[in-house]
Amino acid sequence: MRSGVTVHSVSIVLNGKSRTVRNGLTVADLLRDLELHPAMVVVERNRKILAREALQATPVEEGDRIELVHFVGGG
Amino acid sequence: MVRDTRGDLPFVMGDHAFTSRLIVGTGKYRTNDEMVTAIRASGAEMVTVAVRRVDLDRRREEGILHHLSPDEFFLLPNTAGCFTAEDALRYARLGRAAGLNDWVKLEVIGDERTLLPDTAATLAAAGELVADGFKVMAYTNDDLITAMRLEDAGCVAVMPLASPIGSGLGVVNPYYIREIKRRLTVPVIVDAGVGTASDACVTMEQGVDGVLMNTAIAAASDPVGMARAMKLAVLAGREAYLAGRMAAREIAVPSSPTTGMLDREHG
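Presented here is a report on the structure given in the accompanying data block. The structure displayed is predicted, hence computed values, not measured ones. Starting afresh in each chain, residues are numbered from 1 along the sequence in its written order. Starting at A for chains and at 1 for ligands, labels are handed out in the order in which the entities are written. Where local features are concerned, this predicted model is filtered to residues with pLDDT of at least 70; where side-chain atom pairs are given and counted, the filter is 80 or more; whole-chain, interface and lining totals use all residues. Neither water nor hydrogens contribute to the side-chain values; these are computed over all heavy atoms in the structure.

### Digging into the side chain of Ser 163 of chain B
Residue and element names in this part refer to chain B. Here is the rule: What counts as a helix is a DSSP run of H or I of at least four residues, what counts as a strand is a run of E of at least two, and both are numbered from the N terminus. Working definition: with a 1.4 Å probe on protein chains only, accessible area under 20% of the residue-type maximum means buried, over 50% means exposed, and in between means partly exposed. Pairs of N or O atoms are called polar contacts if they sit within 3.5 Å, as long as, within protein, a hydrogen donor faces a hydrogen acceptor (for residues adjacent in sequence, only side-chain-to-side-chain pairs). By definition in these notes, contact holds between two residues if any of their heavy atoms fall within 4.5 Å.
Along the polypeptide, Ser 163 turns up in the loop between strand E8 (157–160) and helix H5 (174–183). Classification of Ser 163 by relative accessible area gives buried; the value is 0%. For Ser 163, the side chain forms a polar contact with the main-chain oxygen of Gly 170, separated by 2.8 Å. Apart from residues lying up to four places away in sequence, Ser 163 is in contact with Leu 169, Gly 170, Val 172, Ala 192 and Gly 193.

Right, here's the structure in full:
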C-alpha cells in the first residue's frame, strides 16, 4: 500500500463502524453515496461539527471518525 | 375546541410566547402517524426531539423531520441519554447545528436506575451553554437550591421533575414544586413523571407555568385519546389554580340550608 503506490481507498470509522471508502471523497460526496440529504443530517468529523457550507470542501481522510446524526423521537 | 376562558396570558420563554402550557415528547410511539396525530390532539406548540446517529444499515428509521414540520411545531432538541456535562454540550451543539433554533432541553443523568439528574453536571453544562448563546431549558430535580442556581446561570426555564422519567408516579412532592415556582422568576415547567390526566391537572394546580410529558401519552392504550385528555387536564389545572381553590378541612360543612327542614318545631 505504501511507498509510491497510489492509495485507492481510505479507512474511516463511520457512526462507530469501520468502513473503507474511495480515496479523494469529500464529505458531501460521502453523504451523496449514502443517499443522505445534507439538510437532514449533521456531520461531526473528528469531534468537530462541520457547517453545511463546509461539506463540499472537506475531504474524507484516512482515520477520520465521522458521525452522522439527525433528530429522532425523544422526550 | 376548548378555550382558556379566563384570558390567561401566554407564558414567555426567551423570545417566544407560548399559548399551550403542554409540551410533549416524540419518543416511544408505535408509529409515526400515531405520534403526529397525538401531538396535534395535545395542542402542544413545543415538541422535544432527540439527537441520534443516522441508522446506516436499516434506513427505514427515518429522521423525525420527515414527519414533523418545524413550521408547525417548535422543535426543542434534547440532550437525553447524556451522563456527563461534556456529552450534553456535544449533543446540544449537534442539535443546534441542524439549524432549527438555538434552544436545548438540557438533561444530564446521574443514575441509570432512577434517571435522576446529575445536578452538579447540569449546572456546569447550563453555564457553558448559556455562554455559548443557547436558550437553555434545564431538567432538574425538585430541589429549590439547584433550581435557583439554574436560574442564576441564565436558563430560560427551569424544569423540575414530578417523579422519575417514564415512571408515571405523578407529583411526588407538590410542596417543593410550589416553592420552586414561588421563588423563581423564569418559567417553571414540570418535566417527567406524569402518568395520567389527573397527574397533569394536579401539576398545573401547583401554579407552575407548564408541564412536559412523553410516556404518559405515547404509552397509553390510545395515545390520541390520552393526548386530548392531557390537553384538557392542563387547562383544567391551570384554571383551577387561577380560580383559587377552597380551603381544605377535615370536617364536613353542608352545602344545603340547615334551616327549613320538615317536621321540625323551629326553623
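### A word on the nonpolar core
Soluble globular proteins tend to bury their nonpolar side chains together. Residues and elements named next belong to chain B. Defined as follows: Within this scheme, the nonpolar core is defined by two criteria: the residues are buried Ala, Val, Leu, Ile, Met, Phe, Trp, Tyr or Cys, and they are joined through side-chain atoms within 4.5 Å.
The biggest cluster of nonpolar side chains holds 67 residues, and the ones touching the most others in it are Leu 68, Met 213, Ile 217 and Met 230. Here this core takes six residues from helix H8 (residues 223–243), the largest share from any one element. When neighbours within four sequence positions are excluded, Met 213 is seen to be in contact with Leu 22, Ile 23, Val 24, Gly 25, Val 194, Ala 200 and Met 230.

### Considerations on the interface of chain B and chain A
Operational definition: Take the accessible area each of two parts loses on contact, using a 1.4 Å probe, and add the two losses: that sum is the buried area. Take a side-chain nitrogen of Lys or Arg and a carboxyl oxygen of Asp or Glu: if they are within 4 Å of each other, that pair is a salt bridge.
Taken together, the contacts link 32 residues of chain B with 24 residues of chain A. Carbon and sulfur atoms supply 58% of the area that chain B and chain A bury against each other, a total of about 2,500 Å² over both sides. If you sort the residues of chain B by the area they bury against chain A, Arg 53, Val 54 and Leu 56 of chain B come out on top, with a joint share of 26%. With a shortest N-O distance of 2.5 Å, Glu 44 of chain A and Arg 90 of chain B are connected by a salt bridge. At the level of elements, strand E4 (46–53) and helix H2 (85–97) of chain B are the ones that each hand at least two residues to the side of chain B that touches chain A.

### Here we look at the pairing of strand E10 (residues 210–213) of chain B
Residue and element names in this part refer to chain B. Spelled out, the test is: Note on pairing: DSSP must find at least two bridges between two strands before they are called paired. By the criterion used throughout, a crossover qualifies as right-handed when its path from the first strand across the helix to the second strand runs clockwise, the strands pointing away from the viewer.
Of the two faces of E10, the one lined by Gly 210 and Leu 212 and the one lined by Val 211 and Met 213 are each fully buried. Where strand E3 (residues 22–24) lies against E10, three bridges are found, and the strand directions are parallel. Bridge assignment links Ile 23 to a residue of E10, and that residue is Leu 212. Relative to E10, strand E9 (residues 189–191) runs parallel, the two sharing three bridges. From the neighbouring strand, Val 190 faces E10, where its bridge partner is Val 211. Regarding the hand of the β-α-β motif, the stretch spanning E9, helix H6 (residues 197–205) and E10 is right-handed.

### Looking at the pattern of salt bridges
All names here are of chain B. Tallied over the full model, the rule gives 20 salt bridges over all chains. Between Asp 132 and Arg 93 there is a salt bridge, with its nearest N and O atoms 2.9 Å apart. You can see Asp 132 sitting in the loop between helix H3 (119–131) and strand E7 (135–140) and its partner Arg 93 sitting in helix H2, a full 39 residues away along the chain. Exposure remark for Asp 132: the relative accessible area of 28% places this residue in the partly exposed category. Here Arg 93 falls in the partly exposed class, since its relative accessible area comes to 29%.

### Brief notes about the sheet that holds E8 of chain B
Residue and element names in this part refer to chain B. Put simply, the rule is: Angles run from 0 to 180 degrees between N-to-C directions of axes, and those axes are lines fitted to C-alpha atoms, restricted for helices to the stretch in contact.
Across the sheet, which stays open at both edges, the three strands sit in the order E6-E7-E8 with parallel pairing between neighbours. Both edges of this open sheet fall to strand E6 (103–106) and E8, since each of them pairs with a single strand only. Each neighbouring strand pair of the sheet contributes to a mean axis angle of 15 degrees, computed without reference to strand direction. Two strands pair when backbone bridges link them, and E7 and E8 are joined in this way by four bridges, in the parallel orientation. Residue pairing for E8: Tyr 139 is matched across the bridge by Met 159.

### Regarding the packing of aromatic side chains
Residue and element names in this part refer to chain B. Note the cut-off: Pairs were defined over the aromatic rings of Phe, Tyr and Trp, the Trp ring being its six-membered one, requiring ring centres within 6.5 Å. Orientation was assigned from the angle between planes: stacked under 30 degrees, edge-to-face over 60, tilted for the rest. In our convention, an over-ring charge means Lys NZ or Arg CZ found within 6 Å of a ring centre and within 35 degrees of that ring's normal.
Throughout the structure, instances matching the rule amount to five aromatic pairs over all chains. Between Phe 18 and Phe 74, the ring centres sit 5.8 Å apart and the planes meet at 80 degrees, which makes this aromatic pair edge-to-face. Taken together, the residues span a long stretch of sequence, with Phe 18 in strand E2 (residues 16–18) and Phe 74 in strand E5 (residues 74–77) at a distance of 56 residues. Since its relative accessible area comes to 3%, Phe 18 is described here as buried. Pairing Phe 18 with Trp 103 gives two aromatic rings, centres 6.5 Å apart and planes at 75 degrees, and the pair type is edge-to-face. Of this pair, Phe 18 sits in strand E2 while Trp 103 sits in strand E6, and the two are 85 residues apart along the sequence. By relative accessible area, which is 2% here, Trp 103 ends up buried. Chaining the aromatic ring pairs together yields one cluster made of Phe 11, Phe 18, Phe 74 and Trp 103. The ring of Tyr 139 carries Lys 105 above its face, with NZ or CZ at 5.9 Å from the centroid.

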